[in-house]
Amino acid sequence: MTAVSETGVLAVQATQVCKSYRRGVPVLTDVSLDVAPDQVLVLIGASGSGKSTMLRCIAGLETIDSGRISVLGQVVQDVGASGHTSRSSGGFRKGYREVGMVFQQFNLFPHMTALENITLSPRVTRAIPTLDARKSAIELLASVGLAGHETKYPGELSGGQQQRVAIARALALKPKVMLFDEVTSALDPELVGEVLIVMRRLAEGGMTMIVVTHEMAFAREVADRVVYMDAGRIVEDGTPEELFTRPTHQRTQAFLRRIESR
Amino acid sequence: MNYKWDWGIVFTSDTFNPLLIGLEFTLGVSVICLVLGNILGLAAAMGRLYAWKPLGILVYVYVDFFRTTPALVQLIWIFYVLPIVTGIDFGPVEAGIIALSLNAGAFLAEIYRGGLQSIGAAQREASHVLGLSRIQTLRYVVFPQAFRRVLPAITNVLISLLKDTSLLSVIAVSEITYQITNRVAATYRPLELYTALAVVYFVITYPISLGAGALERRLRLPGM
Ligand SMILES: Nc1ncnc2c1ncn2[C@@H]1O[C@H](COP(=O)(O)OP(=O)(O)OP(=O)(O)O)[C@@H](O)[C@H]1O
Ligand SMILES: [Mg+2]
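Residues numbered from 1 in each chain as written. Chains lettered and ligands numbered in written order. Predicted model: local features only at pLDDT ≥ 70, side-chain atom pairs only at ≥ 80, totals over all residues. Heavy atoms only, no water.

Engineer: Explain the overall build of chain A here, please?
Structural biologist: Per the secondary structure count, chain A includes eight helices and ten strands. Against the compact-globule benchmark of 18 Å for 262 residues, chain A has a radius of gyration of 18 Å, which places it among compact chains. In chain A, buried positions account for 56% of the 262 residues. Look at the contacts in chain A between residues 6 or more apart in sequence, and 63% of them connect residues 24 or more apart. With an accessible surface of roughly 11600 Å², chain A has 48% of that area assigned to carbon and sulfur atoms. Here chain A carries 29 positive and 28 negative side-chain charges, and the mean point of each set is 6 Å from the other. (Helix = DSSP H or I, 4+ residues; strand = E, 2+ residues; numbered from the N terminus. Rg over C-alpha atoms; globule rule 2.2 N^0.38 Å. Buried < 20%, exposed > 50% of the residue type's maximum accessible area, 1.4 Å probe, protein only. Contact = heavy atoms within 4.5 Å. Areas by Shrake-Rupley, 256 points an atom, 1.4 Å probe, with all protein chains shown as cover. Lys, Arg positive; Asp, Glu negative; His and termini not counted. Charge placed at Lys NZ, Arg CZ, Asp CG, Glu CD.)

Rendered as structure tokens:
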């Protein structure tokens, strides 16, 4: 499942990533993960298994203790055994520009309208003229089904609408890789669908996605690949078909039984 | 009570003219201290939150010292003692401005610090993955939200500051309390004159409270 695109560049390449928050308590242990362009990877695992931490490392929200992470061939973190970060590579940090992330709690800016949330970063970090930024933001809002909500503040939107604004906000920077961390977990059940539809369309449009979710139906139908993590390690890695119908590890089987019975 | 009130004393040019001069001092000193106090408070808050540790400790000492000693004592100390210690001579107005700015700055520092800290990590993380620098995050994300939260507290400091300018009368700054006290000495009409003084303070302070309330309503976010 480590199919490489024609250009030979992986969308995300994590190599032997180790991470602990407090000394001695490993959260990620030797995690290696290659994600090909256009791939939709669903990351599952019990609470505390390190799924969020893995996404946060790829997004640059956490520094790793050792290992290496590249995005589209650009090294974003490279920590040798000595614990020193190599910054020699010109790609350091630049790769982060290609990564968008959406959070469980939306994390919209409450003092800005939907439109302002989306245009802020293009305007201030990419120097895109305000009018152009607004124009694309309006299109983006329409594409997530929120035409006409431009001037609403997050407090005036439902959870599902807020999460769709958050997706549009991330997309405004034209990322090549999108990370989703349990983006439907904070939503009322009847609002989950509208967010999943947006994600499904994004997947169909060829976006590379790493999705942490408990929505097994989504994983089954949309994912190209499912990875199961347990206690900071990747335990199982395969197609949805392989993972859901014939999981090889006992832990995976037990986890899937727990999830299905919910 | 058979005190014979004589309100006429308030409405004479001998009271009015000094009062107008006094108002200039009271308002002028207040505005200067407000500006200086805010700059100081903001710098102190940032120093404590984001700067090099020893600088943070220095800020901590300053803030706590000025919050736990009376403004009057600070003022007198700065006026009488500081020139001797530093060898720099300054007049009562300068001393007053220094003392009240430092005092307001200490309270504002704590207010700003609380406001900045109240904007949680989630907002910073969202900014970070959107590629905003730390400064951009502060400017566009943290600050506007923190300001909304601290506005009522800042209003209180501003009102206290305006009232505290009356302390400057003890070092003979010609603000309104000093002017009225002089008039009292000349006319022996403390009841009328101090009542009038209280009314003047109310009249200049109350609009601030109204204005701040209006600003708060304007900045209130829909749906929050
Ligand atoms: N900021 C932090 N400081 C200390 N420990 C942390 C921190 N964040 C996470 N952890 C710990 O790291 C481990 C992995 O956490 P992580 O959030 O990555 O798990 P997860 O798989 O996303 O779980 P969940 O399904 O509950 O979201 C947990 O034991 C957690 O307690
Ligand atoms: Mg998580």
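The discussion continues.
Engineer: How should I be thinking about the interface of chain A and chain B in this particular structure?
Structural biologist: The figure often quoted for interface size is the accessible area lost as the parts come together. Counting residues at the interface gives 24 residues for chain A, matched by 20 residues for chain B. Summing both sides of the interface, chain A and chain B together bury roughly 1900 Å²; the carbon and sulfur share of this comes to 67%. By the criterion of area lost to chain B, the three top residues of chain A are Phe109, Pro110 and His111 of chain A, representing 27% of everything that side buries. Connecting chain A to chain B are one salt bridge. Ionic pairing is found between Arg56 of chain A and Glu125 of chain B, a salt bridge with its closest N-O pair at 2.8 Å. For the interface between chain A and chain B, the tally reads seven residue pairs in polar contact (both at pLDDT 80 or more). Only helix 1 (51-59), strand 6 (99-102), helix 2 (114-126) and helix 4 (159-171) of chain A provide two or more residues apiece to the side of chain A that touches chain B. (Buried area = accessible area lost by both parts, 1.4 Å probe. Salt bridge = Lys/Arg side-chain N within 4 Å of Asp/Glu carboxyl O. Polar contact = N/O pair within 3.5 Å; in protein donor to acceptor, adjacent residues only side chain to side chain.)

Engineer: Explain the environment of Gly50 of chain A to me, please; I cannot follow it from the model alone.
Structural biologist: All names here are of chain A. Note on placement: Gly50 falls in the loop between strand 3 (40-45) and helix 1. Here the alpha-carbon distance between Gly50 and Val27, two residues 23 residues apart in the chain, equals 5.8 Å. For Gly50, the contacting residues outside a window of four places in its chain are Val27, Leu28 and Met229.

Engineer: Explain the packing of helix 2 of chain A against helix 4 of chain A here, please?
Structural biologist: Any two packed helices are characterised by how steeply their axes cross, that is the angle between the axes, and by the distance between the axes. All names here are of chain A. Orientation of helix 2 relative to helix 4, taken along the N-to-C sense of each, is 25 degrees, at an axis distance of 8 Å. Relative to helix 4, the element helix 2 lies roughly parallel. The handedness of the crossing between helix 2 and helix 4 is right-handed. Across the interface between the two elements, Ala114, Asn117 and Ile118 from helix 2 touch Val165, Ala168 and Arg169 from helix 4. The residue inventory of the contact of helix 2 with helix 4, partitioned by class, reads four nonpolar, one polar and one charged. (Axes fitted to C-alpha atoms, helices over the stretch in contact; angles between N-to-C directions. Parallel < 35°, antiparallel > 145°, perpendicular 65-115°, else oblique. Left-handed = near helix turned anticlockwise from the far one by under 90°. Nonpolar A, V, L, I, M, F, W, Y, C, P; charged D, E, K, R; others polar.)

Engineer: Please clarify how the nonpolar core should be interpreted in this entry.
Structural biologist: Residues and elements named next belong to chain A. Among the nonpolar cores identified, the biggest contains 49 residues, and Ile44, Ile167, Met178, Phe180, Met199 and Met209 are the most heavily contacted of them. Top contributing element to this core by residue count: helix 5 (residues 189-204), with eight residues. When sequence neighbours within four positions are dropped, the list of residues in contact with Met209 reads Gln39, Val40, Leu41, Met178, Phe180, Met199, Leu202 and Ala203. By size, the runner-up hydrophobic cluster in this structure holds 42 residues, among which are Val17, Leu55, Met101 and Val212. (Core = buried A, V, L, I, M, F, W, Y, C linked by side-chain atoms within 4.5 Å.)

Engineer: Looking at this structure, I do not really get the pattern of salt bridges. What am I missing?
Structural biologist: When the charged atoms of two side chains with opposite charge come close together, those side chains can pair. All chains considered together, the criterion is met by 13 salt bridges over all chains. In this structure, Arg189 of chain B and Glu192 of chain B form a salt bridge, with 3.1 Å as the shortest nitrogen-oxygen distance. Among the charged side chains, a network of salt bridges with common partners joins Lys19, Arg56 and Glu62 of chain A together with Glu125 of chain B.

Engineer: What am I meant to see in the sheet that holds strand 1 (residues 12-20) of chain A here?
Structural biologist: Residues and elements named next belong to chain A. Spatially, 2-1-4-5 is the arrangement adopted by the four strands of the open sheet, whose pairing is antiparallel. This sheet does not close on itself; its edge strands, each paired only once, are strand 2 (26-35) and strand 5 (74-79). Neighbouring strand axes in the sheet, compared pairwise and without regard to direction, differ in orientation by 15 degrees on average. Bridge analysis of strand 1 against strand 2 gives six bridges, and the strand direction is antiparallel. Counted as the bridge partner of Ala14 is Leu33 from strand 2. Running at roughly 60 degrees to strand 2, helix 1 makes contact with strand 1, strand 2, strand 4 (66-71) and strand 5 of the sheet. (Pairing = 2+ DSSP bridges.)

Engineer: I'm lost on the site of ligand 1 in this one. Help?
Structural biologist: Residue and element names in this part refer to chain A. The environment of ligand 1 is made up of Tyr21, Arg22, Val27, Ala46, Ser47, Gly48, Ser49, Gly50, Lys51, Ser52, Thr53 and Glu182. The separation between an oxygen atom of ligand 1 and a polar side-chain atom of Ser47 is 2.6 Å. Ser52 is positioned with one of its side-chain polar atoms (N or O) 2.7 Å from an oxygen atom of ligand 1. Surface burial for ligand 1 is 60%, taken as the share of its 630 Å² of free accessible area covered by protein chains. Sorting elements by how many residues they give to the shell around ligand 1 places helix 1 first, with three residues. (Near = heavy atom within 4 Å.)

Engineer: In this structure, what is going on with the pairing of strand 5 of chain A? I would like to understand it.
Structural biologist: It is a general feature of regular strands that their side chains alternate between the two faces of the sheet. All names here are of chain A. Most of strand 5 is tucked away: six of the six residues are buried. Relative to strand 5, strand 4 is paired through five bridges, and the arrangement is antiparallel. For Val71, the partnering residue across the bridge sits in strand 5 and is Gln74. Following strand 4, the chain reverses through two residues before pairing antiparallel with strand 5; Leu72 in that reversal takes a positive phi of roughly 50 degrees.

Engineer: Explanation requested: the environment of Ile171 of chain B in the structure shown.
Structural biologist: All names here are of chain B. Mapping Ile171 onto the fold places it in the loop between helix 6 (134-164) and helix 7 (176-187). As for Ile171 and Arg189, which are separated by 18 residues in sequence, their C-alpha atoms are 22 Å apart. Among residues more than four places away in sequence, those in contact with Ile171 are Leu75, Phe79, Tyr80, Pro92, Ala95 and Gly96.

Engineer: I'm lost on the side chain of Thr119 of chain A in this one. Help?
Structural biologist: All names here are of chain A. In this fold, Thr119 is placed in helix 2. On the accessibility criterion, Thr119 (5% relative accessible area) is buried. Beyond its immediate chain neighbours, meaning those up to four positions away, Thr119 contacts Ala133, Arg134 and Ala137.

Engineer: What's the story with the packing of helix 1 (residues 13-50) of chain B against helix 7 of chain B in this structure? I'm lost.
Structural biologist: Residue and element names in this part refer to chain B. Interhelical geometry of helix 1 versus helix 7 gives an angle of 155 degrees and a closest axis separation of 7 Å. Regarding the angle of helix 1 to helix 7, the classification is roughly antiparallel. At the point where helix 1 passes helix 7, the crossing takes the right-handed sense. When helix 1 is examined against helix 7, the residues Asp14, Thr15, Pro18, Leu19, Ile21, Gly22, Leu23 and Thr26 are found in contact with a partner set consisting of Ile176, Gln179, Ile180 and Arg183. A breakdown of the residues in the contact of helix 1 with helix 7 according to their chemical character gives six nonpolar, four polar and two charged.

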